Amino acid sequence: MHLNEEFTEGFKFMPGYFGRQEQKELVETLRYLVKEAPLFTPVMPRTGKPFSVRMTNLGDLGWVSDRNGYRYQPQHPTSGENWPAIPKVLIELWEQVGGCPASPEACLVNYYAPTAKMGMHQDKDEETFDAPVVSVSLGDTALFRIGGVERSDATQSLKLNSGDVVVLAGESRLCYHGIDRVLGGSSSLLKDGGRLNLTLRRVSPF
Ligand code: SIN
Ligand code: FE2
């Protein structure tokens, strides 16, 4: 579906931003980094219900969720180690598409098995919303849904394929969004299937 530009000011969709070879290189880099900072299964605040996605982070800060709440922290929750640095190719992406003078501090890495999804939410745990959220999709295609700044606003959906980049800036920065489902087997990029999503974020005011 074609996303209505006026509907979400500041929303950018860049299909095929990364070509196949760049995607492969990025996956190789991520495989190495995920050995240092293994994927973990976050749980919902209070209820402790596990997320269907597994996650890890790169950068000075990483987003975590546990029974105590959502927050950014410098260390991996199980190893206690600092998160690995954000690879150069992702810093360059941020510089090229983010339109933000300050550097990203966090890169959330979400792994979706073909059965995983992510409910509609706003990215609002950051201390500033002046920086964008820049997202990269790798592997299986996902059905992404985006609405407005109120949960009750109308939504639109679009398919995110491997190599696609999305930017949530301006008004779209605080729009509700989520992943309805992953189309298992739609990509051969990841040898065990599924989807990786990387979101680059700035946490601190600048
Ligand atoms: C997210 O909202 O953190 C992830 C979005 C996506 O997987 O494309
Ligand atoms: Fe999000």
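In this convention, every chain numbers its residues from 1, walking through the sequence in written order. Here chains are named by letter from A upward and ligands by number from 1 upward, in the order in which they appear as written. Given that the model is predicted, a residue must reach a pLDDT of at least 70 before its local features are reported, and side-chain atom pairs must reach 80 or more before they are shown or counted; all residues, however, enter totals for whole chains, interfaces and linings. To obtain the side-chain values, all non-hydrogen atoms of the structure were used and water was disregarded.

Novice: Break down the coordination of the iron ion (ligand 2) for me, with residues and values.
Specialist: Angles between donor atoms at a metal ideally measure 109.5 degrees for a four-coordinate tetrahedral arrangement and either 90 or 180 degrees for a six-coordinate octahedral one. At the metal site, the iron ion (ligand 2) is ligated by H121 (NE2), D123 (OD) and H177 (NE2), and these contacts range over 2.1 to 2.2 Å. Only nitrogen, oxygen and sulfur atoms qualify as donors, provided they sit within 2.8 Å of the metal or within 3.2 Å for Na, K and Ca; with water excluded from the atoms, sites may seem incomplete. Geometry is assigned from the angles between donors: four donors with all angles from 85 to 135 degrees make a tetrahedral site, four or six donors whose opposite pairs exceed 155 degrees while the rest stay between 65 and 115 make square planar or octahedral sites respectively, and everything else is labelled irregular. Around the iron ion (ligand 2) sit 4 donor atoms; with metal-centred angles ranging over 89 to 174°, the donor geometry is irregular. Linear spacing of the donor residues for the iron ion (ligand 2) on their chain is H-x1-D-x53-H. Residue H121 is located in strand β6 (residues 118–121), and its partner H177 is located in strand β11 (residues 177–182); the two are separated by 56 residues in the primary sequence. A simple rule labels every residue: compare its accessible area, found with a 1.4 Å probe on the protein chains alone, to the largest value its type can have, and call it buried under 20%, exposed over 50%, or partly exposed in between. Judged by relative accessible area, which is 7%, H177 ranks as buried. By definition, any uninterrupted DSSP run of H or I lasting at least four residues is a helix, any uninterrupted run of E lasting at least two residues is a strand, and each is numbered from the N terminus.

Novice: Provide a residue-level description of the pairing of strand β3 (residues 62–66), including the pertinent values.
Specialist: Across the 5 residues that make up β3, a large majority, 4, are buried. A pair of strands is treated as paired once DSSP finds two or more bridges between them. Bridge count for β3 against strand β4 (residues 69–73) is 5 bridges, and the pairing is antiparallel. In the strand pairing of β4, V64 is matched with R71. A loop of 2 residues connects β3 with β4, the two strands running antiparallel in sequence.

Novice: Can you tell me about the sheet that holds β6, naming the residues and giving the values?
Specialist: The 4 strands lie next to each other as β6-β11-β8-β9, forming an open sheet whose pairing is antiparallel. Both outer strands of the open sheet, β6 and β9 (156–160), are each paired with one neighbouring strand and no more. Between one strand axis and the next, the sheet turns through 25° on average, direction left out of account. Two elements, strand β8 (residues 142–146) and β11, share 5 bridges in a ladder whose sense is antiparallel. If you follow L143 over to β11, its bridge partner there is R181. Every axis corresponds to a line fitted to the C-alpha atoms, with the helix fit spanning only the stretch in contact, and the corresponding angles, defined between N-to-C directions, vary from 0 to 180 degrees.

Novice: Quick one: what's the story with the packing of aromatic side chains, residue by residue and with numbers?
Specialist: Two rings from Phe, Tyr or Trp (for Trp, the six-membered ring) form a pair when their centres sit within 6.5 Å of each other. Planes less than 30 degrees apart are called stacked, planes more than 60 degrees apart edge-to-face, and all others tilted. What the rule picks out here adds up to 4 aromatic pairs. Clustering of aromatic rings is evident, with ring pairs tying together F51, W63 and Y70. To sit over a ring, a charge needs its Lys NZ or Arg CZ within 6 Å of the ring centre and within 35 degrees of the ring normal. The lysine or arginine in question, R195, covers the ring of Y112, its NZ or CZ lying 5.0 Å from the ring centre.

Novice: Lay out the pairing of β11 in plain terms, naming residues and giving numbers.
Specialist: Sheet topology places β6 next to β11; 2 bridges connect them, and they run antiparallel. Looking at β11, one finds that H121 is bridged to H177.

Novice: Let's hear about the layout of surface pockets: which residues, and what values?
Specialist: Note on definitions: the grid is 1 Å and covers protein atoms alone; a cavity is a set of points where a 1.4 Å probe fits but cannot get out; a pocket is an open set with protein on both sides within 12 Å along at least five of seven lines; lining residues have an atom within 4 Å of a point. Grid points are joined across faces, edges and corners, and a volume is the space filled by probe spheres set on the points. Taken as a whole, the largest pocket encloses approximately 800 Å³ of empty space. Lining the largest pocket are 38 residues, with F51, W63, M118, G119 and H121 positioned closest to its centre. Following the grouping adopted for this structure description, the nonpolar residues are Ala, Val, Leu, Ile, Met, Phe, Trp, Tyr, Cys and Pro, the charged ones are Asp, Glu, Lys and Arg, and the polar ones are all others, Gly among them. Along the lines of polarity and charge, the residues of the lining of the largest pocket split into 19 nonpolar, 10 polar and 9 charged. Counted as a void, the second largest pocket has a volume near 300 Å³. Taken together, 13 residues line the second largest pocket, and the ones lying closest to its centre are R31, V34, L39, Y111 and L196. Examining the composition of the lining of the second largest pocket, we find that 5 residues originate from one element, helix α1 (residues 20–36), more than from any other. Taken together, the residues of the lining of the second largest pocket break down into 7 nonpolar, 1 polar and 5 charged.

Purely spatial values, then, with no claim about function.
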